[in-house]
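Notes for the structure review
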Amino acid sequence: MWAEDNASRGLGMTLEEVADGYARLAMTVRPDMTNGHAICHGGFIFTLADSAFAFACNSSGQRAVASHCQIAYLRPARLDERLVAEARERYREGRQGITDVTVRGADGAVVAEFRGFSRTIPGSLLGDAPSGQT
């Protein structure tokens, strides 16, 4: 999935860890990511959180996509600040799941809290889908 994720790689994200129901990605705020207030545009923070969400909810190998996402921005991120997004799957049953993502700044302070709702789709990232998971 990472090899095909041109958006995340193009924004300079790094995939630091993936485990069952968990993912951690990082990104450094570049000059082209800042807005008119000289802080990181919220859309880039959302994208980092969304990418972490995607890797966590696809970590079982069953393809999953977002059905709904929400984010709360708690403090600004600054130019050259390294942001880390940690995603943890909270619920998975049938075709739906809920994953929470915390985005932290270089000092460990929380920048944003994201919640993503996922829905599985046919197919597997590991080849043929397991029985009953399409």
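Small disclaimer: the values here were computed from a predicted structure and weren't measured.

Our next topic: the packing of aromatic side chains. Evaluated as defined, the whole model comprises three aromatic pairs. An aromatic cluster is present here, built from Phe-46, Phe-53 and Phe-114 joined pairwise through their rings.

What follows concerns the state of the cysteines. Scanning all chains against the criterion turns up zero disulfides. Free of any disulfide, Cys-40 has its nearest cysteine sulfur in Cys-69, 17 Å distant. Cysteine Cys-69 remains unbridged, with the sulfur of Cys-57 as its closest cysteine sulfur at 8.6 Å.

To continue, consider the pattern of salt bridges. When the charged atoms of two side chains lie near each other, side chains of opposite charge can form a pair. For the structure on display, the rule yields eleven salt bridges. As a salt-bridge pair, Glu-16 and Arg-82 come within 2.0 Å of each other at their nearest N and O atoms. Remark: Arg-82 occurs in strand S4 (residues 82-93) and Glu-16 occurs in strand S1 (residues 14-19); sequence separation between them is 66 residues. Judged by its relative accessible area of 32%, Glu-16 is partly exposed. By relative accessible area, which is 39% here, Arg-82 ends up partly exposed.

Rules behind the numbers
- Residues numbered from 1 in each chain as written.
- Predicted model: local features only at pLDDT ≥ 70, side-chain atom pairs only at ≥ 80, totals over all residues.
- Heavy atoms only, no water.
- Phe/Tyr/Trp six-rings, centres within 6.5 Å; stacked < 30°, edge-to-face > 60°.
- Disulfide = S-S within 2.5 Å.
- Salt bridge = Lys/Arg side-chain N within 4 Å of Asp/Glu carboxyl O.
- Helix = DSSP H or I, 4+ residues; strand = E, 2+ residues; numbered from the N terminus.
- Buried < 20%, exposed > 50% of the residue type's maximum accessible area, 1.4 Å probe, protein only.

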